[in-house]
Amino acid sequence: MLNIFNPAKIPIFSKTHLRFLVRFQTKPISSSSVPTHQHITHLILEQKSASQALETFRWASKLPKFTHSQSTYRALIHKLCIFRRFDCVKEVLDEMPTSVGSPPDETIFVTIIRDLGRAKMTREAIKVLDLVSRFKKDPSLKICNSILDVLVKEDIDLARAFYRKKMMACGIQGDDYTFGILMKGLCLTNRISDGFKLLQLMKSRGITPNTVIYNTLIHALCRHGKVGIGRGRSLMNEIVEPNEVTFNVLISAYCKEGDMIQALVLLEKSFDLGFVLDVITITKVMEILCNEGRVMEAVEVLEIVEERGGSVDAVAYNTLIKGFCNLGKANLGLRFLKEMERKGCLPNVNTYNELISGLCESKKFDSALELLNEMRRDGVSPNFLTYDTLVRGLCSGGKTGDGLKILNQMEESRGGSGGQISPYNSVIYGLYKENQSEEAFEFLTKMGSFFPRAVDRSRRILGFCEEGCVWEAKRVYDEMTKEGGLPSALVYASLIRGLCQEGEIREAFELMNEMVGHGYFPVSSTFNALISEFCRQGKVESASKLMEEMVGRGCFPDTGSFSPLIDTFCRKGDLQRALRLLLQMVEKGIIPDYCTWNSLLLCLSQEIKWSESRNVLLVNNLLSSIL
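Treat the numbers as computed from the prediction; the structure is a model and nothing was measured. (Residues numbered from 1 in each chain as written. Predicted model: local features only at pLDDT ≥ 70, side-chain atom pairs only at ≥ 80, totals over all residues. Heavy atoms only, no water.)

Engineer: Before we move on, can you summarise the overall build of the protein chain with the specific residues and values?
Structural biologist: The secondary structure content of the protein chain amounts to 36 helices and zero strands. For the protein chain, the spread of C-alpha atoms along the principal axes amounts to about 130 × 60 × 50 Å. Taking all 627 residues of the protein chain together, the buried fraction comes to 48%. Residue pairs at least 24 apart in sequence account for 60% of intrachain contacts in the protein chain once pairs closer than 6 positions are excluded. Surface accessibility of the protein chain: about 31,600 Å² in total, with carbon and sulfur atoms responsible for 51%. Across the protein chain, the mean location of the 78 positive side-chain charges is 9 Å away from that of the 74 negative side-chain charges. (Helix = DSSP H or I, 4+ residues; strand = E, 2+ residues; numbered from the N terminus. Buried < 20%, exposed > 50% of the residue type's maximum accessible area, 1.4 Å probe, protein only. Contact = heavy atoms within 4.5 Å. Areas by Shrake-Rupley, 256 points an atom, 1.4 Å probe, with all protein chains shown as cover. Lys, Arg positive; Asp, Glu negative; His and termini not counted. Charge placed at Lys NZ, Arg CZ, Asp CG, Glu CD.)

This is the structure in structure tokens:
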């Protein structure tokens, strides 16, 4: 027996061994009470160090009628390798022919190889072949494949050299698993052409590549966009029996490229062959359909998968719900919430967030608030996105008071703001939309306890704009955004107005686009500043288009919107367009102010024979209508 440690220094029984003996030696030793190799193997594997594993192994060897086996030696060698006691492994192997009566078997060498791989001692794995030869044995295919698998993970060229110089030199040609390992290594290093050469080599030797090898190469091809996917699709035709993985790889690739038609064609083919694809692939197909507005087709895909026993998770249902909400059909989304619950698929916080967002977009605020209460009743805790979505929706929809209540709930449940400023900016936006600038400024000031830096900069910007120092305000704004700060609607509106007063219409227009990009649509007073400046610069067509966009977005123009345009048309002598605008103004119930009438009358007085035309009658009719 190998004397690796000093037996005198090791206690006869540890606590673990005593527990073991209690189990096996509470009655006289008989053939039935001898511990099995499985029990000793388990005991060795439980030890917390290499020395304890050795101690347990030697202790077991002294038990009456117990003899070690290949399995107990394998357990000991595995523990030695885990603790990197590779110096002891060779000695343990050498004692096996005497102790067990046979040399180490194939599984022991495979264990050593894999443990060397885990220890990142890749090149040492090759030397295991020398260990095998010490026992007058030829390396088996399984041992060589194990070494090859370890080598591939570090260096594909090293693995290929091992195959040529070691395996083939020993007369080992390899099998499907061998070539599968090599194909994996080539594809992981993006050596697609070498992968095709390997495929041809297999065929030339009369080996039919299995589905796994084809799938590996197809997966690598699909990483190269449309061209690669096309080659992968062609390669699929060579497979004798394509499987679910084949379809999963190709369909996912088509979805990534946005090729919905090809994805659906392959999906239909997979259904015809009786395959049930994994939920990730199915969800990708549903997502691409929902993005195209074809939500009912996504529902059909889901139903087919469920009918065939496929698994569908909350992510798949969430995709459907989001699709319905994007179409403005949040009520249908609510129906699928009940459907998924009925089928035992529990909704998560993302499910509720998608529905709350959809309901807010559809202005169904009462339903959104009820859903918040429902999710709490169902034991799903709202996260920051839940509160943020609700506050933004309510404040954008003219219910700033309700938005403030939800904000307060968020602070109570999360113990403060959580460092997220967006819901607070939503409240400011709501007050801005309701033309409550003073209240918005007061709320901004109160935010100082949570966001002192952001509030300080916002107040400086507003102050500079008020003093007419717009470029100083813009400088602070640039600093703020450069550091990732999110300005409020109040800041944007003040800067746009200030830039317009300076005649910097392009800068103001770009800033308005940024404002809209952050979800803050300007109110009429902000639009009016731009319209007035366009008109002052004689760019009346740009002013007209801006007002059309303003109306198209649901923002109602007022006197300040129409007056600059009417005045500009009058100064240009375009009475007809001025009168058309006046008519639109009156139809909307907006009473023209003194300046508007003055511009029109001045323009009329300059018309030849204006008193003989019907213009006077038109003006009289307008006056009567207004009165």
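Back to the write-up after that little detour.
Engineer: Residue-level account of helix α11 (residues 176-188), with values.
Structural biologist: Between the first and last C-alpha of α11 there are 18 Å, a value that for 13 residues agrees with the 18 Å anticipated at 1.5 Å per step. Among the residues making up α11, those that are buried are Thr178, Phe179, Gly180, Ile181, Leu182, Met183, Gly185, Leu186 and Cys187. In this structure, the buried side of α11 is in contact with α9 (141-152), α10 (156-167), α12 (192-204) and α13 (211-222). At the N-terminal boundary of α11, the capping side chain belongs to Asp175, with an oxygen 3.1 Å from the backbone nitrogen of Tyr177. Phi turns positive one or two residues past the end of α11, at Asn190, with a value near 65°. (Expected span 1.5 Å × (residues − 1). Polar contact = N/O pair within 3.5 Å; in protein donor to acceptor, adjacent residues only side chain to side chain.)

Engineer: Mind laying out the pattern of salt bridges, listing which residues take part and the relevant values?
Structural biologist: Enumeration over the complete set of coordinates arrives at 28 salt bridges. Between Glu124 and Lys127 there is a salt bridge whose closest N-O contact spans 3.3 Å. Under the relative-accessibility criterion, Glu124 is labelled partly exposed at 33%. For Lys127, a relative accessible area of 47% gives the class partly exposed. Through salt bridges that share partners, Arg453, Arg457, Glu472, Arg475, Glu479 and Glu483 make up one connected network. (Salt bridge = Lys/Arg side-chain N within 4 Å of Asp/Glu carboxyl O.)

Engineer: Give me unusual backbone geometry: which residues, what numbers.
Structural biologist: In the Ramachandran plot, Lys136 falls in the positive-phi region, its phi being about 55° despite a non-glycine side chain. Examined against the element boundaries, Lys136 turns out to sit in the loop between α8 (128-134) and α9. You can call Lys136 exposed: its relative accessible area is 80%. The backbone phi angle of Asn190 is positive, close to 65°, even though this residue is not glycine. Asn190 gets classed as partly exposed once you look at its relative accessible area, which sits at 40%.

Engineer: Tell me about the packing of helix α15 (residues 244-257) against helix α17 (residues 279-291), and name the residues and values.
Structural biologist: Taken N-terminus to C-terminus, the directions of α15 and α17 make an angle of 25°; their axes are 9 Å apart at the nearest point. When the interaxial angle is binned, α15 and α17 end up roughly parallel. With respect to the hand of their crossing, α15 and α17 are arranged in left-handed fashion. Where α15 abuts α17, its residues Asn248, Ile251, Ser252 and Cys255 lie against Thr281, Lys284, Val285 and Ile288. (Axes fitted to C-alpha atoms, helices over the stretch in contact; angles between N-to-C directions. Parallel < 35°, antiparallel > 145°, perpendicular 65-115°, else oblique. Left-handed = near helix turned anticlockwise from the far one by under 90°.)

Engineer: I'd like a rundown of the packing of helix α19 (residues 314-326) against helix α21 (residues 349-361), residues and numbers included.
Structural biologist: With their axes 9 Å apart at the nearest point, α19 and α21 run at an angle of 5° to one another. Compared by their axis directions, α19 and α21 come out roughly parallel. Between α19, through Asn318, Ile321, Lys322 and Cys325, and α21, the contact on the second element is made entirely by Asn350, Thr351, Glu354, Leu355 and Gly358. Within the contact of α19 with α21, the residues separate by chemical class into three nonpolar, four polar and two charged. (Nonpolar A, V, L, I, M, F, W, Y, C, P; charged D, E, K, R; others polar.)

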